[in-house]
Amino acid sequence: MKSAVENLTPTRVKLDVEVSFEELKPSITEAYKTIGTQVQVPGFRKGKVPNSLIDQRVGRGYVLETAINAGLNGWYQEAVVENKLIPLSRPEVEITEVPDPSGTDGVVKFQVELDIRPEIELPDYAGIEVEVAAVEASDEDTTKALDELRGRFGTLKAEDRPAADGDFLTINIDAKIDGVEVDSAADLSYQVGAGNMLDGLDEAATGLSAGEEAIFNTKLAGGEHAGEEAQVTVKVTSVKVRELPEANDDFAQLASEFDTIAELKEDLAKQAADSKVVEQGVEARDKVLEALVALVEVPVPDSVIAEQLEQHFRPENSHGAEEHDTEEHRAEVKENTEKAFRNEIILDAIAEKEEVSVSQAELIDYIVSSASQYGMDPNQFAQMLDSSGQVNMIVGEVRRRKALAAVLGKAAVKDTAGVAVDLTDFVSVASEEEEIASEDEVIEPTAVTDPGEARV
């Protein structure tokens, strides 16, 4: 088989493929077998009909068409691998030449147009300079962490007074649209100021005592009437305040592995300091990626944008909210898609250069972490990924994260006060994972993303 590539744009190519008659013969043989099981000829069992009778019944041209159709995708995939292309779109195929049905020679020629992953030239990314906010753990951070811990062991005490910010309420709510009740719930627990139930609820509930109610207008957040304007009545049935346990040695023994409150505070101070390092690390990571993207020109195929827009705005994905399909929202989705594509291309190229690999253990850790975010059992989450063919996508994501960590480890990071920031601890996890990968079973992402089949 012969193939040649013509670059139409930096992200789109045309493949010219030529298949000899000798290479076509196996497909012709299979075509006769397939058609032989479908035609009925008196005196012959299915699958035992001679080729000459099949030619008489369906025509030699139909046999060739069946053979070409069956072999086309394999030839296309072979040409893709031979020319080291990574398809990003479904191929558009045109048959330009077929053998003469009356002869026993000739060639199959076809052309394929498709979008491919663009090749880029990486800059020298060692020593990228970024500036992050100057942060330092304070006594207030330790006190806040201690108060949050005390809050987990707090008790609720009923108060005979109007509800205020931070109070814990028991409420009944009733929602109506045009005077017709569409939803209701009783004995709901809600903390004033949480803002996680209905817009306007905090304002309506503040100042109400047990037994009092208020009416406010809002958009419903869920159910079959999600997004619709409704009139909601909230009735407070109890007002409670959280009482915190005293911060002493007894509390330290109850809430931690420490014997004294001094030891607990020391540990909380260390956690607060570590948290600040993470904050700086996250900011530095994001800015390093932003700097990388600014250094590299990455063309984005139109097909990638079109596919993402179509998928995002499909009725089953838009939750029935047609008002979100606006010009502004489409522009936002388009911008985010282009940004994500450029990030992926650059980090994949760095992963190749840095020879980043992903181990089985790393993949499992990522799946477990992701499953917890979705509130799913890790085994069920893994099965869902496998059945939907997304495992390779996850491998690529882990690999890109490690590639970015490698760049961050070579970056020059300073805070706004001009002090060098040591992110060794922040990037050490990726380094440890790289060592594990060298000893553990390594998973490599598939070279060719799902390009779809080539068909006549």
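Described below are features of the structure shown in this document. All figures in this text were calculated on a predicted structure; none of them were measured in a lab.

## As for a negative patch on the surface
Side chains of Glu 246, Asp 249, Asp 250, Asp 259, Glu 263 and Glu 266 sit close together on the surface and give a patch of like negative charge. Every element with two or more residues in the negative patch is listed here: helix H6 (249-255) and helix H7 (261-295). Inspection of the secondary structure puts Glu 246 in the loop between strand S10 (229-243) and H6.

## Topic: the layout of surface pockets
Using a probe with the size of a water molecule, rolled over the atoms, empty space left in the structure can be pinpointed. When its volume is computed, the second largest pocket comes out at roughly 1000 Å³. Around the second largest pocket, the lining is made up of 34 residues, and of these Arg 285, Tyr 366, Glu 397, Arg 401 and Lys 402 lie nearest the centre. Mapped onto the lining of the second largest pocket, the elements with two or more residues apiece are H7, helix H9 (327-354), helix H10 (360-373), helix H11 (378-387), helix H12 (391-409) and helix H13 (424-439). For the lining of the second largest pocket, the element with the most residues is H12, which contributes 10 residues. A class-by-class count of the residues in the lining of the second largest pocket yields 18 nonpolar, five polar and 11 charged.

## With respect to the nonpolar core
Formed by 33 residues in total, the largest nonpolar core has its most connected members in Ala 284, Val 288, Leu 292, Phe 341, Ile 350, Val 407 and Val 413. Of all elements in the fold, only strand S5 (129-132), H7, helix H8 (302-312), H9 and H12 reach the threshold of two or more residues within this core. The leading source of residues in this core is H9, at seven residues. Excluding anything up to four places from it in sequence, Phe 341 contacts Leu 88, Pro 118, Val 298, Pro 299, Val 300, Pro 301 and Val 304.

## Concerning the side chain of Lys 14
Within the secondary structure, Lys 14 is located in strand S2 (residues 12-20). Overall, the relative accessible area of 17% leaves Lys 14 in the buried class. Discounting chain neighbours no more than four positions away, the residues touching Lys 14 are Ala 4, Val 5, Glu 6, Leu 8, Gln 111, Val 112 and Glu 113.

## Let's talk about the packing of aromatic side chains
Here the structure, examined in full by the defined rule, presents two aromatic pairs. With centroids separated by 5.8 Å and ring planes inclined at 90°, the aromatic side chains of Phe 153 and Phe 251 adopt a geometry described as edge-to-face. Highlighted residues: Phe 153 in the loop between helix H4 (139-152) and strand S6 (155-158) and Phe 251 in helix H6, separated in sequence by 98 residues. Where Tyr 374 meets Phe 381, the ring centres are 5.7 Å apart and the plane angle is 25°; that geometry is what we call stacked. For Phe 381, a relative accessible area of 6% corresponds to the buried category. The cationic tip of Arg 330 hangs over the ring face of Phe 313; the distance from NZ or CZ to the ring centre is 4.2 Å.

## Some details on the pattern of salt bridges
Here the idea is simple: oppositely charged side chains can pair when their charged atoms come close. For the structure on display, the rule yields 23 salt bridges. A salt bridge links Lys 14 to Glu 6; its shortest N-O distance comes to 3.5 Å. A salt bridge links Arg 117 to Glu 344; the shortest N-O distance between them is 3.0 Å. With Arg 117 in the loop between strand S4 (107-115) and S5 and Glu 344 in helix H9, this pair connects stretches of sequence that are 227 residues apart. Put simply, Arg 12, Glu 92, Glu 113 and Asp 115 are held in one network by salt bridges that share partners.

## Things to note about unusual backbone geometry
Within the chain, Lys 84 stands out as a residue other than glycine whose phi angle is a positive 55°. With respect to the helices, strands and loops of the structure, Lys 84 is situated in the loop between helix H3 (60-82) and strand S3 (92-97). Its relative accessible area of 74% is what places Lys 84 among the exposed residues. The phi dihedral of Asp 178 is positive, around 55°, even though this residue is not glycine. Position of Asp 178 among the secondary structure elements: in the loop between strand S7 (168-177) and strand S8 (180-191). Asp 178 gets classed as exposed once you look at its relative accessible area, which sits at 78%.

What counts, and where the lines are drawn
Residues numbered from 1 in each chain as written. Predicted model: local features only at pLDDT ≥ 70, side-chain atom pairs only at ≥ 80, totals over all residues. Heavy atoms only, no water. Patch = residues over 30% accessible without salt bridge, like charges linked within 9 Å, V, L, I, M, F, W, Y side chains within 5 Å. Areas by Shrake-Rupley, 256 points an atom, 1.4 Å probe, with all protein chains shown as cover. Salt bridge = Lys/Arg side-chain N within 4 Å of Asp/Glu carboxyl O. Lys, Arg positive; Asp, Glu negative; His and termini not counted. Charge placed at Lys NZ, Arg CZ, Asp CG, Glu CD. Helix = DSSP H or I, 4+ residues; strand = E, 2+ residues; numbered from the N terminus. 1 Å grid on protein atoms, 1.4 Å probe; cavity = no way out; pocket = protein on both sides within 12 Å on 5 of 7 lines; lining within 4 Å. Points joined across faces, edges and corners; volume = space filled by probe spheres on them. Nonpolar A, V, L, I, M, F, W, Y, C, P; charged D, E, K, R; others polar. Core = buried A, V, L, I, M, F, W, Y, C linked by side-chain atoms within 4.5 Å. Buried < 20%, exposed > 50% of the residue type's maximum accessible area, 1.4 Å probe, protein only. Contact = heavy atoms within 4.5 Å. Phe/Tyr/Trp six-rings, centres within 6.5 Å; stacked < 30°, edge-to-face > 60°. Lys NZ or Arg CZ within 6 Å of the ring centre and 35° of its normal.

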